[in-house]
Amino acid sequence: MLGPEEWQAVLLSLKVALWATLGALPLGIFTAFALARWSFPGKQLVNGLVLLPLILPPVVTGYLLLLTFGTRGPIGAALKEIGIVFAFRWTGAALAAGIMAFPLMVRAIRLSIEAVDPKLEEAAGTLGASRLWVFATVTLPLSLPGILAGAVLAFAKAMGEFGATITFVSNIPGETRTLPSAIYAFLQVPGGEGAALRLVAVSVVIAMAALLLSELLSRRVAARVAGR
């Protein structure tokens, strides 16, 4: 059985991971499509920036977020004027988790879009469909398995994000203490090993459930697209 503080961390992690995934998904689909289908100057630079959170130490990413989106940062100060604050709030945890999960999401979606036969898109275009309509009716449905897989992978990654999150929003109980932060906090106090172990078990169960759900949804959608 989980205690109140442990449940609080679990529910907050689910909330943060869900909003991180939903917030990153539209931009992830657009970025993946651009990298898969468009040719433009600086394409490799954009690809490198997308993958950068995977290469940088998470603490560095969190510090850069603090400099940029902190209340004294160039973007954070402007957002504060309209009542939007990320630093040391759960919304900042969602932002950090979304950025750290973004490369995995884009990679999965890009591979799925690249697997779509361009001739199908060209055929729809010759029938008078606009580019946006071709994307909505041909590319998007055929790449849906990869989109679902990317979203679930991003959710699982967001659930386990620690370094960037704790650097950007600290470890505030009830506000920014997610599962990884709670495990770290419990391990720092005598007698906290039991609570930490329970949260580790919860993390493993959620991660495995997300991966199995991703596989199940991808297979069903792929079968439906193929007409089976």
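Please refer to the structure placed before this passage.
If you're wondering where the values come from, they're calculated on a predicted model, not measured in any experiment.

Draft legend 1. Here's a closer look at the overall build of the chain. A tally of helices and strands in the chain yields 11 helices and zero strands. In sequence order, the chain lays out its α and β elements as α-α-α-α-α-α-α-α-α-α-α. Across its three principal axes, the chain shows a C-alpha extent of roughly 70 × 45 × 30 Å. The proportion of buried residues among the 228 residues of the chain is 43%. Put simply, 72% of the contacts in the chain that link residues at least 6 apart link residues at least 24 apart. Accessible surface computed for the chain: about 12500 Å², of which carbon and sulfur atoms make up 70%. For the chain, the centre of its 17 positive side-chain charges and the centre of its 11 negative side-chain charges are spaced 4 Å apart.

Draft legend 2. Molecular detail of the side chain of Ser112. Along the polypeptide, Ser112 turns up in helix α5 (residues 90–114). Setting aside anything within four residues of it in sequence, one finds Ser112 in contact with Leu142, Ser143 and Gly146.

Draft legend 3. How the structure looks around the side chain of Ser181. Relative to the helices and strands, Ser181 resides in helix α10 (residues 179–187). Once residues within four sequence positions are removed from consideration, Ser181 is found in contact with Phe162, Asn171 and Thr176.

Draft legend 4. Focus on the packing of helix α2 (residues 43–55) against α5. The N-to-C vectors of α2 and α5 enclose an angle of 125 degrees; their axes lie 7 Å apart at closest approach. Regarding the angle of α2 to α5, the classification is oblique. Note on packing geometry: the crossing formed by α2 with α5 is left-handed. Residues Asn47, Val50, Leu51, Pro53 and Leu54 of α2 touch α5, and the partners they reach there are Ile99, Met100, Phe102, Pro103, Leu104, Val106 and Arg110. Looking at the contact of α2 with α5, its residues break down into 10 nonpolar, one polar and one charged.

Draft legend 5. Focus on the packing of helix α6 (residues 118–126) against helix α7 (residues 131–142). α7 packs onto α6 with a crossing angle of 160 degrees between their chain directions and a minimal axis gap of 10 Å. On the basis of the axis angle, α6 is roughly antiparallel to α7. Relative to α7, α6 is oriented so that their crossing is right-handed. Residue-level inspection shows Leu120, Glu121, Ala124 and Gly125 of α6 in contact with α7, the latter providing Val134, Val138, Thr139 and Leu142. Of the residues belonging to the contact of α6 with α7, the class tally is five nonpolar, two polar and one charged.

Draft legend 6. Examining α10 more closely. Of all nine residues in α10, seven are buried; the element is thus mostly enclosed. Restricting attention to buried positions, one finds in α10 the residues Leu179, Pro180, Ser181, Ala182, Ile183, Ala185 and Phe186.

Draft legend 7. Just the environment of Glu5, in detail. Inspection of the secondary structure assignment puts Glu5 in helix α1 (residues 4–37). In sequence terms Glu5 and Gly174 are 169 residues apart; their C-alpha atoms lie 8.1 Å from each other. Setting aside residues no more than four positions away along its own chain, Glu5 makes contact with Arg177 and Phe186.

Draft legend 8. Spotlight on the pattern of salt bridges. Evaluated as defined, the whole model comprises four salt bridges. For Glu6, the salt bridge is made with Arg198, and the minimal N-O distance between the two is 2.9 Å. With Glu6 in helix α1 and Arg198 in helix α11 (residues 193–226), this residue pair connects regions lying 192 residues apart in the sequence. A residue is classified by how much of its surface remains accessible, and Arg198, at 33% relative accessible area, is partly exposed.

Draft legend 9. View of the packing of aromatic side chains. Evaluation of the coordinates by the stated rule reveals five aromatic pairs. Relative to Trp38, the ring of Phe33 has its centre 5.8 Å away and its plane inclined at 85 degrees; by these criteria the two rings are edge-to-face. Look at Phe33 and you get buried, because its relative accessible area is 17%. With 5.0 Å between their ring centres and 75 degrees between their planes, Phe33 and Phe135 make a pair best called edge-to-face. Of the two residues, Phe33 sits in helix α1 while Phe135 sits in helix α7, which places them 102 residues apart along the sequence. For the residue pair Phe33 and Phe135, the accessibility class agrees, reading buried in each case. What links up through ring pairs into an aromatic cluster is the set Phe30, Phe33, Trp38 and Phe135. Positioned above the aromatic ring of Trp90 is the side chain of Lys15, whose terminal nitrogen or guanidinium carbon lies 4.1 Å from the ring centre.

Rules and cut-offs
Residues numbered from 1 in each chain as written. Predicted model: local features only at pLDDT ≥ 70, side-chain atom pairs only at ≥ 80, totals over all residues. Heavy atoms only, no water. Helix = DSSP H or I, 4+ residues; strand = E, 2+ residues; numbered from the N terminus. Buried < 20%, exposed > 50% of the residue type's maximum accessible area, 1.4 Å probe, protein only. Contact = heavy atoms within 4.5 Å. Areas by Shrake-Rupley, 256 points an atom, 1.4 Å probe, with all protein chains shown as cover. Lys, Arg positive; Asp, Glu negative; His and termini not counted. Charge placed at Lys NZ, Arg CZ, Asp CG, Glu CD. Axes fitted to C-alpha atoms, helices over the stretch in contact; angles between N-to-C directions. Parallel < 35°, antiparallel > 145°, perpendicular 65-115°, else oblique. Left-handed = near helix turned anticlockwise from the far one by under 90°. Nonpolar A, V, L, I, M, F, W, Y, C, P; charged D, E, K, R; others polar. Salt bridge = Lys/Arg side-chain N within 4 Å of Asp/Glu carboxyl O. Phe/Tyr/Trp six-rings, centres within 6.5 Å; stacked < 30°, edge-to-face > 60°. Lys NZ or Arg CZ within 6 Å of the ring centre and 35° of its normal.

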